[in-house]
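Residue-level listing of the chains:
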Amino acid sequence: MSKIVAIVGRPNVGKSTLYNRLIGERQAIIDNVSGVTRDRIYGSCEWNGKTFTVVDTGGFVKNSQDVFEAAIRSQVQIAIEESEVIIFLTDVTTGITDLDEEVAHLLRRSDKPVIVGVNKVDNSTREISANEFWSLGFEETYFLSSITGSGTGELLDAVAEKLPKNEEEDESD
Ligand code: GDP
Ligand code: MG
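All residue numbers here refer to positions counted from 1 along the written sequence of the relevant chain. Throughout, the order in which chains and ligands are written sets their labels, letters from A for the former and numbers from 1 for the latter. For this predicted model, a pLDDT threshold of at least 70 governs which residues receive local features, and a threshold of 80 or more governs which side-chain atom pairs are given and counted, while totals over whole chains, interfaces and linings are taken from all residues. Processing note: side-chain calculations cover all non-hydrogen atoms of the structure and skip hydrogens and water entirely.

Visitor: Is there a simple way to think about the site of ligand 1 in this case?
Guide: Think of it this way: one heavy atom of a residue within 4 Å of a molecule or strand is enough to make that residue near it. Neighbouring residues of ligand 1: 15 residues in total, closest Asn12, Lys15, Thr17, Asp122 and Ser146. Between ligand 1 and Thr17 there is a distance of 2.6 Å, counted from an oxygen atom to a side-chain nitrogen or oxygen. Asn119 is positioned such that a nitrogen or oxygen atom in its side chain is 3.1 Å from a nitrogen atom of ligand 1. The method behind every accessible area is Shrake-Rupley, applied with a 1.4 Å probe, and residues are considered shielded solely by the protein chains displayed. The protein chains hide 70% of the 580 Å² of surface that ligand 1 would expose on its own. With three residues, helix 1 (residues 15-23) is the largest single contributor of residues to the shell around ligand 1. Two N or O atoms form a polar contact when they lie within 3.5 Å of each other; inside protein one atom must be a possible hydrogen donor and the other a possible acceptor, and for residues adjacent in sequence the pair counts only when both atoms belong to side chains. In this description a helix means any DSSP run of H or I spanning at least four residues, a strand means any run of E spanning at least two, and both kinds are numbered starting from the N terminus.

See the structure below:
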């Protein structure tokens, strides 16, 4: 399997919407990978000549706050272990929440490259609100709208830049 890029973040920030946009029609669910559970969906993506596997995390238990937070923590932990690059997706319409802070804290302690995506930046008014997300402290923060597709190219450029060339990866596998 090609290098893994995981999308993590709270429910409803738009992870699955972004995932579907990145995978497009190339979606191929990869079944027989160890550690794959039903709440992680894997698909293949190519950008700037780099092929990688995108992981949509989610499908959390909805009615228990504790289980819910633990599930997010565990998804983040798996992402830190298995991914080459992590996309930490947030939502401009809610602003920074406590759970965002917690995810940010876990990610800061890892040495994997983290790219923050501030999603739902559908118009220029929201761009102004999106600036608050710089305070999470990640050097690479991109504003995007997974629904319109605006900003997703810049996010993908940043992801691809952190991945090895396809040939290099073939040699190492
Ligand atoms: P997930 O729980 O993180 O996977 O989030 P989903 O992808 O299921 O999206 C949650 C909701 O946010 C859905 O109603 C989406 O249509 C909406 N959504 C996702 N991306 C955007 C966006 O860029 N702009 C707006 N306005 N809504 C979005
Ligand atoms: Mg989802």
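Visitor: Would you mind showing me how to read the nonpolar core here?
Guide: A general tendency of soluble globular proteins is for nonpolar side chains to be buried together. Buried Ala, Val, Leu, Ile, Met, Phe, Trp, Tyr and Cys residues form a nonpolar core when they are joined through side-chain atoms within 4.5 Å. The buried label applies to any residue whose accessible area, calculated with a 1.4 Å probe on protein chains only, is under 20% of its type's maximum; exposed applies above 50%, and partly exposed to all values in between. Within the largest apolar cluster, 26 residues are counted, with the highest numbers of intra-cluster contacts made by Val8, Val76, Phe88, Val103, Leu107, Val118 and Phe138. Secondary structure elements with two or more residues in this core: strand 1 (4-8), helix 2 (65-82), strand 4 (85-91), helix 3 (98-108) and strand 5 (114-119). In what follows, a contact means two residues having at least one pair of non-hydrogen atoms within 4.5 Å. Apart from residues lying up to four places away in sequence, Leu107 is in contact with Val8, Val76, Ile80, Ile86, Phe88, Val114 and Phe138. Counting 20 residues, the second-largest nonpolar core is a separate cluster that includes Val13, Val54, Val85 and Leu89.

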